[in-house]
Amino acid sequence: MAEVKLESVGKVYPGNIRAVKDVNLEIANGEFLVLVGPSGCGKSTTLRMIAGLEDISEGTISIGSRVVNDLAPKDRDIAMVFQNYALYPHMTVYENMAFGLKLRRFKKPEIEQRVRKAAQLLNIEPLLDRKPKALSGGQRQRVAVGRAIVREPAAFLFDEPLSNLDAKLRVETRAELKRLHKRLQTTTIYVTHDQEEAMTLGDRIVVMSNGLVQQVDSPLAIYERPLNRFVAGFLGTPPMNFFLGRLISEQGQLCFDGAGLKVPLPERQSKRVERHAGTEVVLGVRPENVYHATESVPGAQTLELGVDVVEPLGNMMDLYLSTSTGDRLVARVKAAELDGSKRLALQLETPKIHLFDPDE
Ligand code: ADP
């Protein structure tokens, strides 16, 4: 086990394609860190530089106390699990799991013991004699994880390991990976484009966009205190609502005014943005911070909104609404019978609103 450290790491691909810029991260021993962001943001490149599968154009990467910039992948004491599993089709599950150890000249009894132990941990003992083509996607995924575990590396690197599984299996396997990490406590760096996967798996999440780290923090802290509009909009389903407007002062009270909404700011927010009074601002509010007016939420602000579409989700429902200016707002509220009226009184939980710079 080891800590992994990235200092001012950057990557420029041939053709002057800038994929990653100035990434600084310290991944603690035993931590589960998730790199998340939209396709093309540089997360795989970052992981592949840690693995040694891509050259590092700038900066330093250390694993444990060693700088690994010039070390071959096999000498970095890491094990990687790929999206396509990369199993050898002509080898059995046992041979696939044993292969890396054989290459490293482990003795047969040691190999046998490690493979059996990992197979037990992953519930794949009955599959050891099968070839990959006789396995389901979920089983192949376990074998790929098993092959990483037997190595007992300093760190696991995962590159979108669940994206080839169907939705149900993905959620189950996600929980298994989390249990496995709890058990093994191996430093793990995990890449995904799926914000839900990132939120549920990571001790900390790194949100990336355009090759840059946007924010690093615990899932809850990122969700509740996004540093910018990109992070705010990327995490959460349905995504946060954004409205462009102006900060105005009315009878000594600072308000957001725009998109058909007038929202008095709570004291904490007012103090923070006082000096921007009169300027344009973007207000963000998550769908779950909008309520039926009947629920009477502390600090709430009642609004009349038009109902476009209702999506029932069982205990909750998503309301697609529009303001008087035609701006859209999504609310996730407790399921209730709507009387078919085209307008609804709703409340914004103002202590939970976010304000962003429109030029960001
Ligand atoms: P992600 O994993 O977030 O989808 P990548 O790290 O794969 O993103 O890619 C980041 C950027 O680098 C993208 O713009 C991509 O097109 C580019 N890129 C990735 N691999 C190569 C390569 N081998 N050669 C040139 N450009 C690449």
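Quick caveat: nothing in here was measured; it's all calculated off a predicted structure.

What about the packing of aromatic side chains?
Under the definition given, this model contains 6 aromatic pairs. Residues Tyr88 and Phe99 carry aromatic rings whose centres are separated by 4.9 Å and whose planes lie at 65° to one another, so their mutual orientation is edge-to-face. Placement of the pair is Tyr88 in the loop between strand S6 (78-81) and helix H2 (93-103) and Phe99 in helix H2, with a sequence separation of 11 residues. By relative accessible area, Tyr88 is classed as partly exposed at 32%. Ring geometry for Phe158 versus Tyr190: centroids 5.6 Å apart, planes at 40°, classification tilted. One end of the pair, Phe158, is in strand S7 (residues 155-159); the other, Tyr190, is in strand S8 (residues 187-192), and 32 residues separate them in sequence. Neither Phe158 nor Tyr190 differs from the other in exposure class; each is buried. Grouping aromatic residues by their ring pairs yields a cluster made of Phe32, Phe156, Phe158 and Tyr190.

With respect to the packing of helix H3 (residues 108-121) against helix H4 (residues 137-150)
Relative orientation of the contacting elements H3 and H4 amounts to 135°, with a least axis distance of 9 Å. When the axis of H3 is compared with that of H4, the two are oblique. In terms of crossing hand, the pair formed by H3 and H4 is right-handed. Between H3 and H4, the residues in contact are Arg114, Val115, Ala118 and Leu121 and Gly146, Ile149 and Val150, respectively.

Details of the sheet that holds strand S10 (residues 212-217)
The strand order S6-S7-S8-S3-S9-S10 describes an open sheet built from 6 strands, whose pairing is mixed. Edge positions in the sheet fall to S6 and S10, since each has one partner strand and no second. For this sheet, the mean angle separating the axes of adjacent strands, direction not counted, is 15°. With 5 bridges connecting them, S7 and S8 associate as parallel partners. By the bridge assignment for S8, Phe156 is matched with Thr188. Each of S6 and S7 touches H4; the most contacted strand, S6, lies at about 180° to it.

Brief notes about helix H5 (residues 167-184)
With 18 residues, H5 extends 26 Å between its outermost C-alpha atoms, agreeing within 8% with the 26 Å of an ideal straight helix rising 1.5 Å per residue. Those residues of H5 that sit buried are Thr173, Arg174, Leu177, Leu180 and His181. Here the buried residues of H5 occupy an arc of 125° about the axis, which is enough to place them on one side. Away from its buried face, by an angle of more than 90 degrees, H5 presents the exposed residues Lys168, Arg179, Lys182 and Arg183. Looking at the packing, one finds that the buried side of H5 touches strand S3 (32-36), H3, H4, S7, S8 and helix H6 (195-201). Taken from the residues just after H5, Gln185 is the one with a positive phi, measuring 55°.

Cut-offs and rules
Residues numbered from 1 in each chain as written. Predicted model: local features only at pLDDT ≥ 70, side-chain atom pairs only at ≥ 80, totals over all residues. Heavy atoms only, no water. Phe/Tyr/Trp six-rings, centres within 6.5 Å; stacked < 30°, edge-to-face > 60°. Helix = DSSP H or I, 4+ residues; strand = E, 2+ residues; numbered from the N terminus. Buried < 20%, exposed > 50% of the residue type's maximum accessible area, 1.4 Å probe, protein only. Axes fitted to C-alpha atoms, helices over the stretch in contact; angles between N-to-C directions. Parallel < 35°, antiparallel > 145°, perpendicular 65-115°, else oblique. Left-handed = near helix turned anticlockwise from the far one by under 90°. Contact = heavy atoms within 4.5 Å. Pairing = 2+ DSSP bridges. Expected span 1.5 Å × (residues − 1). Arc of directions from axis to C-beta.

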